[in-house]
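Summary of the model geometry
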Amino acid sequence: SAVISQKPSRDICQRGTSLTIQCQVDSQVTMMFWYRQQPGQSLTLIATANQGSEATYESGFVIDKFPISRPNLTFSTLTVSNMSPEDSSIYLCSVEYRSEAFFGQGTRLTVV
Amino acid sequence: AQKVTQAQTEISVVEKEDVTLDCVYETRDTTYYLFWYKQPPSGELVFLIRRNSFDEQNEISGRYSWNFQKSTSSFNFTITASQVVDSAVYFCALSELSASKIIFGSGTRLSIRP
């Protein structure tokens, strides 16, 4: 299996600021994914991040708001920019490893 | 377009009762994968099962069982003799690939009362 470490596990941020979430996996993976789970809601895919190429964003998500980096096969970051209270969510990193999906523990973000 | 519907928003049963969580999906793909995940109050996603579209055999794992019926586009999940520790939000999900771009249903919050 692939073990995913997400940092931070939780944070409380002021509106207007930005937060970068890190996702580290213990195996090399081609595809990494970022999901958002708003309070009481389901998980929604934000973007797919492949190493060496620009991230592909789903409808409703834009690079200016959620810039993603993927510098190598084991690491990715998601930045939530210019935050507002509506960005308060759990953000989860996921990877595809040997045809299985693995999820990180999530980053619980509260914007005040 | 792909879609997963979990019509049951919340279910509450008394411990030891059996409970079935419904899941209906939509896809135009002939090859696809269905999943069930558990999300306990701690927030992490716990993988329960993955099924591909060519395998309609029902699955049983301890107190858990899954019924996959392509004719009705359903992938229902039954917990037998429920326990308090089963209390969680359960998500049904769909993907056209084995582990990529998973589309989640809205979830069913299951509460097991002692």
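Let me sum up the structure you'll find in this document. Keep in mind that this is a model prediction, so the values were computed, not measured. (Residues numbered from 1 in each chain as written. Chains lettered and ligands numbered in written order. Predicted model: local features only at pLDDT ≥ 70, side-chain atom pairs only at ≥ 80, totals over all residues. Heavy atoms only, no water.)

1. Things to note about unusual backbone geometry
The omega torsion of the bond from K7 of chain A to P8 of chain A falls at -5 degrees, within 30 degrees of zero and hence cis. Along the chain, the position of P8 of chain A falls in the loop between β1 (4-7) and β2 (10-13). Even without being glycine, N82 of chain A reaches a positive phi, approximately 45 degrees. Checked against the element boundaries, N82 of chain A lands in the loop between β8 (75-80) and β9 (89-97). Within the chain, A81 of chain B stands out as a residue other than glycine whose phi angle is a positive 50 degrees. By the element assignment, A81 of chain B lies in the loop between β9 (74-79) and β10 (88-95). (Helix = DSSP H or I, 4+ residues; strand = E, 2+ residues; numbered from the N terminus.)

2. A look at the pairing of strand β5 (residues 33-39) of chain B
Residue and element names in this part refer to chain B. Across the seven residues that make up β5, a large majority, seven, are buried. In this structure, β5 lies alongside strand β6 (residues 46-52), joined through six bridges in antiparallel fashion. Within the sheet, the bridge partner assigned to F35 lies in β6 and is R50. In textbook terms, the turn of a hairpin is the stretch between consecutive antiparallel strands, and for β5 and β6 this stretch comprises six residues, one of which, G43, has a positive phi near 105 degrees. (Buried < 20%, exposed > 50% of the residue type's maximum accessible area, 1.4 Å probe, protein only. Pairing = 2+ DSSP bridges.)

3. Things to note about the interface of chain B and chain A
The accessible area lost on association of the parts is a frequent measure of interface size. Taken residue by residue, the interface counts 18 residues in chain B and 18 residues in chain A. On inspection of chain B and its partner chain A, the count reaches two salt bridges. Here E100 of chain A and R50 of chain B are joined by a salt bridge, their closest N and O atoms 3.6 Å apart. Counting residues per element, the ones that place at least two in the side of chain B that touches chain A are β5 and β6 of chain B. Here the residues of the side of chain B that touches chain A are counted per class, giving eight nonpolar, seven polar and three charged. (Contact = heavy atoms within 4.5 Å. Salt bridge = Lys/Arg side-chain N within 4 Å of Asp/Glu carboxyl O. Nonpolar A, V, L, I, M, F, W, Y, C, P; charged D, E, K, R; others polar.)

4. Comments concerning the side chain of N76 of chain B
Residue and element names in this part refer to chain B. With respect to the helices, strands and loops of the structure, N76 is situated in strand β9. Owing to a relative accessible area of 18%, N76 belongs among the buried residues under this scheme. Within the structure, the side chain of N76 is placed 2.9 Å from the backbone nitrogen of C23, a separation counted as a polar contact. If we skip the residues at most four places from it in the chain, N76 touches T20, L21, D22, C23, W36, S65, W66 and N67. (Polar contact = N/O pair within 3.5 Å; in protein donor to acceptor, adjacent residues only side chain to side chain.)

5. Overview of the nonpolar core
Residues and elements named next belong to chain A. Core analysis: the biggest nonpolar cluster contains 28 residues, and I46 and V95 have the highest contact counts within it. Every element with two or more residues in this core is listed here: β3 (19-25), β4 (31-37), β5 (43-50), β8, β9 and β11 (107-111). Among all residues touching I46, those that are not within four sequence positions of it are W34, Y35, R36, T56, Y57, E58, F61, F66, L78 and Y91. (Core = buried A, V, L, I, M, F, W, Y, C linked by side-chain atoms within 4.5 Å.)

6. A few points about the state of the cysteines
Counted by the stated rule, this structure contains two disulfides over all chains. Paired by a disulfide, C23 of chain A and C93 of chain A hold their sulfur atoms 1.9 Å apart. One disulfide, between C23 of chain A and C93 of chain A, carries an S-S torsion of -65 degrees and so falls in the left-handed class. In this pair, C23 of chain A is assigned in strand β3 and C93 of chain A in strand β9, connecting sequence segments 70 residues apart. Across the pair, C93 of chain A and C23 of chain A agree in class, each one buried. The partner cysteine of C23 of chain B in its disulfide is C92 of chain B, sulfur to sulfur 1.9 Å. Because the torsion about its S-S bond is -65 degrees, the bridge between C23 of chain B and C92 of chain B counts as left-handed. Within this pair, whereas C23 of chain B is found in the loop between β3 (19-21) and β4 (24-26), its partner C92 of chain B is found in strand β10, the two being separated by 69 residues in sequence. The burial state of C23 of chain B is the same as that of C92 of chain B; both residues are buried. For C13 of chain A, which is in no disulfide, the shortest distance to another cysteine sulfur is to C23 of chain A and amounts to 18 Å. Assessed through its relative accessible area of 7%, C13 of chain A is described here as buried. (Disulfide = S-S within 2.5 Å.)

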